[in-house]
Amino acid sequence: MDIKPGFAAEERALLRGQQIDADHLPAMLGWYPVAIDAARASLCWRHLGEARFLESFFLDTLNQQSREQRQLCLTPLASLPERLGSMPQVPPTAFIFHVSRCGSTLLTQMLASLPQCIVMSEPPVIDAFFRYYHAHPELQDATSIFQYLISALGQKRLPEESHFFVKFDSWHLPWLTFVRAAYPDIPIIFLYREPQAVLASHQRQRGPQMIPGLLNTSRLKAAESADEPTIAAADFDAYAASMLSSMFAVGLEHALTADLILLNYLQLPGVLWEDLLSLFQLDCDAQALSKLKARSGLHSKHRNINFTGDPQPEQKLIAKASFAFLRLCEEKYSQLEHLRVKVKIC
(Lines give C-alpha, C1' and ligand atoms only; values in the text may rest on other atoms or scores of the structure.)
Protein backbone atom coordinates (compact mmCIF):
# COMPACT_ATOMS: atom_id res chain seq x y z
CA MET A 1 0.00 0.00 0.00
CA ASP A 2 1.15 3.53 -0.75
CA ILE A 3 1.59 4.90 2.78
CA LYS A 4 1.22 8.67 3.06
CA PRO A 5 3.57 10.63 5.34
CA GLY A 6 0.58 12.00 7.25
CA PHE A 7 0.09 8.68 9.03
CA ALA A 8 1.36 8.38 12.58
CA ALA A 9 4.20 5.92 13.20
CA GLU A 10 1.89 3.37 14.84
CA GLU A 11 -0.48 3.60 11.88
CA ARG A 12 2.35 3.00 9.43
CA ALA A 13 3.24 -0.16 11.32
CA LEU A 14 -0.38 -1.30 11.16
CA LEU A 15 -0.50 -0.79 7.40
CA ARG A 16 2.13 -3.35 6.51
CA GLY A 17 0.77 -6.51 4.96
CA GLN A 18 -0.80 -8.05 1.91
CA GLN A 19 -3.21 -5.64 0.27
CA ILE A 20 -6.59 -7.10 -0.61
CA ASP A 21 -9.06 -5.56 -3.07
CA ALA A 22 -12.08 -4.75 -0.92
CA ASP A 23 -14.40 -5.25 -3.90
CA HIS A 24 -13.40 -8.91 -3.91
CA LEU A 25 -14.42 -9.43 -0.29
CA PRO A 26 -17.83 -11.07 0.23
CA ALA A 27 -18.23 -9.28 3.60
CA MET A 28 -16.24 -7.15 6.07
CA LEU A 29 -16.85 -9.38 9.10
CA GLY A 30 -13.49 -9.88 10.80
CA TRP A 31 -12.05 -6.71 9.22
CA TYR A 32 -11.42 -3.74 11.52
CA PRO A 33 -10.87 -0.07 10.65
CA VAL A 34 -7.45 1.09 11.83
CA ALA A 35 -6.59 4.38 10.08
CA ILE A 36 -7.95 7.17 7.89
CA ASP A 37 -6.17 8.32 4.75
CA ALA A 38 -7.13 12.00 4.82
CA ALA A 39 -5.70 12.71 1.35
CA ARG A 40 -8.05 10.15 -0.22
CA ALA A 41 -10.89 10.34 2.34
CA SER A 42 -10.40 6.60 2.67
CA LEU A 43 -10.56 4.10 5.48
CA CYS A 44 -7.84 1.50 6.06
CA TRP A 45 -8.84 -1.91 7.42
CA ARG A 46 -6.93 -4.85 8.93
CA HIS A 47 -8.16 -8.44 8.97
CA LEU A 48 -8.25 -10.20 12.32
CA GLY A 49 -10.29 -13.27 11.51
CA GLU A 50 -11.71 -15.08 14.52
CA ALA A 51 -9.12 -14.02 17.12
CA ARG A 52 -10.41 -12.00 20.07
CA PHE A 53 -9.02 -8.68 21.28
CA LEU A 54 -7.44 -9.95 24.49
CA GLU A 55 -4.23 -7.94 24.73
CA SER A 56 -3.92 -4.76 26.80
CA PHE A 57 -4.35 -2.54 23.73
CA PHE A 58 -5.95 -2.86 20.31
CA LEU A 59 -2.55 -2.49 18.65
CA ASP A 60 -1.05 -5.30 20.72
CA THR A 61 -3.64 -7.79 19.49
CA LEU A 62 -2.98 -6.97 15.85
CA ASN A 63 0.77 -7.09 16.46
CA GLN A 64 0.37 -10.71 17.59
CA GLN A 65 -0.31 -11.68 13.97
CA SER A 66 2.52 -13.18 11.97
CA ARG A 67 3.59 -11.33 8.82
CA GLU A 68 1.89 -13.97 6.69
CA GLN A 69 -1.45 -13.32 8.44
CA ARG A 70 -1.45 -9.56 7.98
CA GLN A 71 -3.95 -8.41 5.38
CA LEU A 72 -5.27 -4.92 4.75
CA CYS A 73 -7.61 -3.12 2.41
CA LEU A 74 -8.71 0.42 1.59
CA THR A 75 -12.30 1.63 1.14
CA PRO A 76 -13.85 5.08 0.62
CA LEU A 77 -14.88 6.64 3.92
CA ALA A 78 -18.25 7.43 2.36
CA SER A 79 -18.91 3.74 1.74
CA LEU A 80 -18.92 2.84 5.45
CA PRO A 81 -22.70 2.26 5.66
CA GLU A 82 -22.55 -0.02 2.64
CA ARG A 83 -19.53 -1.92 3.99
CA LEU A 84 -21.21 -2.56 7.31
CA GLY A 85 -24.31 -3.78 5.47
CA SER A 86 -25.90 -6.65 7.37
CA MET A 87 -22.86 -7.15 9.63
CA PRO A 88 -24.08 -8.30 13.07
CA GLN A 89 -23.18 -5.73 15.72
CA VAL A 90 -23.28 -5.31 19.49
CA PRO A 91 -24.30 -1.79 20.53
CA PRO A 92 -21.98 0.00 22.98
CA THR A 93 -22.50 -0.89 26.62
CA ALA A 94 -20.26 1.87 28.00
CA PHE A 95 -17.40 4.18 27.04
CA ILE A 96 -14.35 4.56 29.26
CA PHE A 97 -12.49 7.87 29.56
CA HIS A 98 -9.54 8.32 31.88
CA VAL A 99 -6.61 10.53 32.90
CA SER A 100 -3.97 7.84 32.13
CA ARG A 101 -2.04 5.63 34.57
CA CYS A 102 -5.18 5.23 36.66
CA GLY A 103 -6.27 1.61 36.18
CA SER A 104 -8.21 1.91 32.93
CA THR A 105 -6.17 -0.87 31.32
CA LEU A 106 -6.77 -3.15 34.30
CA LEU A 107 -10.50 -2.49 34.01
CA THR A 108 -10.58 -3.33 30.30
CA GLN A 109 -8.42 -6.41 30.80
CA MET A 110 -10.79 -7.73 33.44
CA LEU A 111 -13.76 -7.12 31.14
CA ALA A 112 -11.94 -8.79 28.24
CA SER A 113 -11.58 -11.94 30.35
CA LEU A 114 -15.36 -12.41 30.07
CA PRO A 115 -16.38 -14.19 26.84
CA GLN A 116 -19.52 -12.07 26.46
CA CYS A 117 -17.52 -8.84 26.29
CA ILE A 118 -16.07 -7.15 23.21
CA VAL A 119 -13.43 -4.75 24.52
CA MET A 120 -11.70 -2.19 22.32
CA SER A 121 -8.84 -0.59 24.22
CA GLU A 122 -7.71 2.64 22.55
CA PRO A 123 -8.37 1.60 18.93
CA PRO A 124 -6.22 3.88 16.73
CA VAL A 125 -9.02 4.59 14.25
CA ILE A 126 -10.78 6.70 16.89
CA ASP A 127 -7.69 8.85 17.29
CA ALA A 128 -7.42 9.02 13.49
CA PHE A 129 -11.03 10.18 13.24
CA PHE A 130 -10.59 12.90 15.87
CA ARG A 131 -7.44 14.16 14.14
CA TYR A 132 -9.23 14.12 10.78
CA TYR A 133 -12.25 16.00 12.14
CA HIS A 134 -10.04 18.48 14.01
CA ALA A 135 -8.23 19.29 10.75
CA HIS A 136 -11.51 19.40 8.77
CA PRO A 137 -14.16 20.95 11.03
CA GLU A 138 -16.35 21.41 7.96
CA LEU A 139 -16.66 17.62 7.65
CA GLN A 140 -20.18 16.64 6.74
CA ASP A 141 -21.91 13.92 8.75
CA ALA A 142 -19.05 13.69 11.28
CA THR A 143 -21.35 12.22 13.91
CA SER A 144 -22.62 9.55 11.53
CA ILE A 145 -19.09 8.61 10.47
CA PHE A 146 -18.07 8.26 14.11
CA GLN A 147 -21.10 6.08 14.85
CA TYR A 148 -20.33 3.85 11.87
CA LEU A 149 -16.74 3.44 13.06
CA ILE A 150 -17.94 2.43 16.52
CA SER A 151 -20.33 -0.06 14.89
CA ALA A 152 -17.48 -1.55 12.86
CA LEU A 153 -15.46 -1.99 16.06
CA GLY A 154 -18.42 -3.64 17.78
CA GLN A 155 -19.02 -6.34 15.19
CA LYS A 156 -20.40 -9.56 16.65
CA ARG A 157 -18.32 -12.57 15.63
CA LEU A 158 -19.14 -15.05 18.39
CA PRO A 159 -22.59 -16.13 19.63
CA GLU A 160 -21.85 -15.32 23.28
CA GLU A 161 -20.84 -11.70 22.62
CA SER A 162 -23.46 -9.38 24.13
CA HIS A 163 -21.59 -6.40 25.65
CA PHE A 164 -19.27 -3.89 24.02
CA PHE A 165 -16.86 -1.51 25.79
CA VAL A 166 -14.62 1.13 24.23
CA LYS A 167 -11.72 2.75 26.06
CA PHE A 168 -10.55 6.07 24.64
CA ASP A 169 -7.06 7.57 24.88
CA SER A 170 -6.60 10.04 27.73
CA TRP A 171 -6.04 12.95 25.34
CA HIS A 172 -9.49 12.32 23.84
CA LEU A 173 -11.18 13.85 26.89
CA PRO A 174 -11.86 17.16 25.08
CA TRP A 175 -13.99 15.11 22.63
CA LEU A 176 -16.23 13.87 25.42
CA THR A 177 -18.95 16.39 24.51
CA PHE A 178 -18.93 15.13 20.91
CA VAL A 179 -19.11 11.50 22.05
CA ARG A 180 -21.96 12.25 24.46
CA ALA A 181 -23.91 14.02 21.69
CA ALA A 182 -23.38 11.04 19.36
CA TYR A 183 -24.46 8.57 22.06
CA PRO A 184 -26.70 10.41 24.54
CA ASP A 185 -27.88 7.25 26.32
CA ILE A 186 -24.63 5.27 26.64
CA PRO A 187 -23.02 5.29 30.12
CA ILE A 188 -19.62 6.95 30.27
CA ILE A 189 -17.07 6.02 32.91
CA PHE A 190 -14.48 8.59 33.98
CA LEU A 191 -11.59 6.90 35.76
CA TYR A 192 -9.05 9.00 37.64
CA ARG A 193 -6.37 8.76 40.32
CA GLU A 194 -4.57 10.85 42.91
CA PRO A 195 -2.51 13.32 40.80
CA GLN A 196 0.87 12.67 42.44
CA ALA A 197 0.59 8.96 41.59
CA VAL A 198 -0.32 9.66 37.95
CA LEU A 199 2.56 12.10 37.52
CA ALA A 200 5.01 9.77 39.28
CA SER A 201 4.11 7.06 36.77
CA HIS A 202 4.79 9.46 33.89
CA GLN A 203 8.12 10.39 35.46
CA ARG A 204 9.13 6.73 35.27
CA GLN A 205 7.90 6.31 31.68
CA ARG A 206 6.29 9.28 30.00
CA GLY A 207 3.28 8.79 27.78
CA PRO A 208 3.25 10.65 24.44
CA GLN A 209 0.59 13.07 25.69
CA MET A 210 3.00 14.20 28.42
CA ILE A 211 5.86 15.11 26.08
CA PRO A 212 5.63 18.49 24.32
CA GLY A 213 5.23 18.23 20.56
CA LEU A 214 4.56 14.50 20.24
CA LEU A 215 0.79 14.88 19.99
CA ASN A 216 -1.53 17.71 19.05
CA THR A 217 -2.90 18.50 22.49
CA SER A 218 -4.18 21.95 21.58
CA ARG A 219 -7.68 21.06 22.74
CA LEU A 220 -6.33 20.19 26.17
CA LYS A 221 -4.13 23.28 26.29
CA ALA A 222 -7.16 25.40 25.46
CA ALA A 223 -8.64 24.36 28.79
CA GLU A 224 -5.84 26.14 30.69
CA SER A 225 -6.53 29.64 31.99
CA ALA A 226 -4.42 32.62 31.03
CA ASP A 227 -3.18 33.35 34.56
CA GLU A 228 -1.39 30.02 35.01
CA PRO A 229 2.43 29.95 34.99
CA THR A 230 4.50 29.75 31.83
CA ILE A 231 6.09 26.36 31.27
CA ALA A 232 9.77 26.19 30.36
CA ALA A 233 10.46 24.07 27.27
CA ALA A 234 12.54 21.56 29.23
CA ASP A 235 10.17 21.31 32.21
CA PHE A 236 8.48 18.02 31.36
CA ASP A 237 7.05 17.68 34.87
CA ALA A 238 5.23 21.00 34.58
CA TYR A 239 3.97 20.11 31.11
CA ALA A 240 2.65 16.76 32.38
CA ALA A 241 0.97 18.46 35.34
CA SER A 242 -0.64 21.02 33.03
CA MET A 243 -1.99 18.26 30.78
CA LEU A 244 -3.30 16.36 33.79
CA SER A 245 -4.92 19.53 35.11
CA SER A 246 -6.77 19.92 31.80
CA MET A 247 -7.91 16.29 31.87
CA PHE A 248 -9.26 16.69 35.39
CA ALA A 249 -10.99 19.91 34.32
CA VAL A 250 -12.88 18.15 31.52
CA GLY A 251 -13.89 15.29 33.76
CA LEU A 252 -15.05 17.64 36.49
CA GLU A 253 -17.04 19.77 34.03
CA HIS A 254 -19.04 16.75 32.90
CA ALA A 255 -19.28 15.23 36.38
CA LEU A 256 -21.00 18.39 37.61
CA THR A 257 -23.84 17.66 35.20
CA ALA A 258 -24.17 14.10 36.63
CA ASP A 259 -23.23 12.84 33.19
CA LEU A 260 -20.43 10.46 34.20
CA ILE A 261 -19.85 7.35 36.28
CA LEU A 262 -16.94 8.44 38.47
CA LEU A 263 -14.41 5.79 39.40
CA ASN A 264 -11.29 6.25 41.48
CA TYR A 265 -8.27 3.99 40.97
CA LEU A 266 -8.56 3.07 44.66
CA GLN A 267 -11.90 1.35 43.96
CA LEU A 268 -10.26 -1.18 41.64
CA PRO A 269 -10.51 -4.04 41.19
CA GLY A 270 -13.46 -4.78 43.49
CA VAL A 271 -15.77 -2.15 42.03
CA LEU A 272 -16.13 -4.30 38.90
CA TRP A 273 -17.71 -7.32 40.58
CA GLU A 274 -19.32 -5.33 43.40
CA ASP A 275 -21.06 -2.69 41.26
CA LEU A 276 -20.34 -2.63 37.54
CA LEU A 277 -21.33 -6.19 36.61
CA SER A 278 -24.87 -5.59 37.87
CA LEU A 279 -24.96 -2.05 36.51
CA PHE A 280 -24.22 -3.32 33.01
CA GLN A 281 -26.31 -6.49 33.46
CA LEU A 282 -23.30 -8.73 32.97
CA ASP A 283 -24.09 -12.25 34.13
CA CYS A 284 -20.99 -13.89 35.52
CA ASP A 285 -20.94 -17.48 36.79
CA ALA A 286 -18.53 -18.69 39.47
CA GLN A 287 -15.94 -19.89 36.96
CA ALA A 288 -15.94 -16.61 35.00
CA LEU A 289 -15.84 -14.59 38.21
CA SER A 290 -12.85 -16.59 39.40
CA LYS A 291 -11.06 -15.95 36.11
CA LEU A 292 -11.89 -12.25 36.31
CA LYS A 293 -10.55 -11.97 39.85
CA ALA A 294 -7.40 -13.87 38.88
CA ARG A 295 -6.80 -11.36 36.09
CA SER A 296 -7.14 -8.51 38.57
CA GLY A 297 -4.05 -9.73 40.41
CA LEU A 298 -1.81 -9.53 37.36
CA HIS A 299 -0.07 -6.51 35.87
CA SER A 300 -2.53 -4.62 33.67
CA LYS A 301 -0.13 -4.46 30.70
CA HIS A 302 1.79 -7.70 31.29
CA ARG A 303 -0.56 -10.61 31.82
CA ASN A 304 2.20 -13.00 32.92
CA ILE A 305 3.45 -10.84 35.80
CA ASN A 306 1.87 -10.48 39.24
CA PHE A 307 1.13 -6.88 40.21
CA THR A 308 2.82 -5.90 43.47
CA GLY A 309 2.11 -2.17 43.42
CA ASP A 310 3.75 0.85 41.86
CA PRO A 311 7.28 1.81 42.97
CA GLN A 312 7.85 5.00 44.87
CA PRO A 313 8.59 8.05 42.66
CA GLU A 314 12.27 8.64 42.03
CA GLN A 315 11.99 12.40 42.32
CA LYS A 316 9.54 15.04 43.45
CA LEU A 317 7.89 17.72 41.38
CA ILE A 318 10.11 20.61 42.43
CA ALA A 319 9.72 23.27 39.73
CA LYS A 320 7.53 26.25 40.60
CA ALA A 321 5.32 25.73 37.56
CA SER A 322 4.96 22.03 38.39
CA PHE A 323 3.70 22.83 41.86
CA ALA A 324 1.25 25.41 40.53
CA PHE A 325 -0.31 22.95 38.10
CA LEU A 326 -0.19 20.14 40.64
CA ARG A 327 -2.17 22.30 43.05
CA LEU A 328 -4.82 22.76 40.37
CA CYS A 329 -4.91 18.99 39.80
CA GLU A 330 -5.35 18.32 43.50
CA GLU A 331 -8.17 20.86 43.78
CA LYS A 332 -10.07 19.23 40.92
CA TYR A 333 -9.32 15.76 42.27
CA SER A 334 -10.84 16.76 45.62
CA GLN A 335 -13.94 18.07 43.88
CA LEU A 336 -14.30 14.86 41.89
CA GLU A 337 -13.95 12.81 45.07
CA HIS A 338 -16.66 14.89 46.74
CA LEU A 339 -19.00 14.21 43.82
CA ARG A 340 -18.13 10.52 43.63
CA VAL A 341 -18.88 9.92 47.30
CA LYS A 342 -22.04 11.99 47.07
CA VAL A 343 -23.39 10.20 43.99
CA LYS A 344 -22.79 6.47 44.48
CA ILE A 345 -22.90 4.12 41.51
CA CYS A 346 -26.50 3.04 41.11
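In what follows, the structure referred to is the one given above.
Computed from a predicted model, the values in this text were never measured in an experiment.

With that settled, consider unusual backbone geometry. Comment: phi is negative for the bulk of residues other than glycine, and the bulk of peptide bonds are trans. With an omega of 0 degrees, the peptide bond between L268 and P269 qualifies as cis. One non-glycine residue, A41, adopts positive backbone phi at about 50 degrees. With respect to the element layout, A41 can be found in the loop between β2 (31-37) and β3 (42-47). With a phi angle near 80 degrees, S100 is a residue other than glycine that sits in the positive phi range. Assignment of secondary structure puts S100 in the loop between β5 (94-98) and α4 (104-112). When its relative accessible area of 4% is taken as the criterion, S100 is described as buried.

Most of helix α8 (residues 195-204) sits inside the fold, with seven of its 10 residues counted as buried. Buried within α8 we find P195, V198, L199, A200, S201, H202 and Q203. At the N-terminal boundary of α8, the capping side chain belongs to E194, with an oxygen 3.1 Å from the backbone nitrogen of Q196.

A separate point is the sheet that holds strand β9 (residues 261-264). Ordered by their spatial adjacency, five strands build an open sheet running β6-β7-β5-β8-β9, and the pairing between neighbours is parallel. Where the open sheet ends on each side, the last strands, each with one partner, are β6 (117-121) and β9. Neighbour to neighbour, the strand axes of the sheet diverge by 20 degrees on average, direction disregarded. Bridge analysis of β6 against strand β7 (residues 163-167) gives five bridges, and the strand direction is parallel. By the bridge assignment, M120 is partnered in β7 with V166. Packed onto the sheet, α4 meets β5, β6, β7, β8 (188-192) and β9 and runs at close to 150 degrees relative to β6.

What counts, and where the lines are drawn
The written sequence of each chain sets the order in which its residues are numbered from 1. With the structure being a predicted model, the display of local features is reserved for residues of pLDDT at least 70 and the display and counting of side-chain atom pairs for 80 or more, all residues being used for whole-chain, interface and lining totals. Hydrogens and water molecules were not included; the side-chain quantities draw on all heavy atoms of the structure. In this text, helices come from DSSP runs of H or I with a minimum length of four residues, and strands from runs of E with a minimum of two, each type numbered from the N-terminal end. Think of it in three bands: residues with accessible area under 20% of the maximum for their type are buried, residues over 50% are exposed, and the middle band is partly exposed, with areas taken using a 1.4 Å probe on protein chains only. In the analysis that follows, any N or O atom pair within 3.5 Å is treated as a polar contact, provided that within protein one partner can donate a hydrogen and the other can accept it, and provided that, for residues neighboring in sequence, both atoms belong to side chains. We call two strands paired when DSSP finds no fewer than two bridges between them. Convention adopted: a line fitted to C-alpha atoms gives each axis, helices being fitted over their contacting stretch, and angles between N-to-C directions are expressed from 0 to 180 degrees. Contact definition: two residues touch when any of their heavy atoms are within 4.5 Å.

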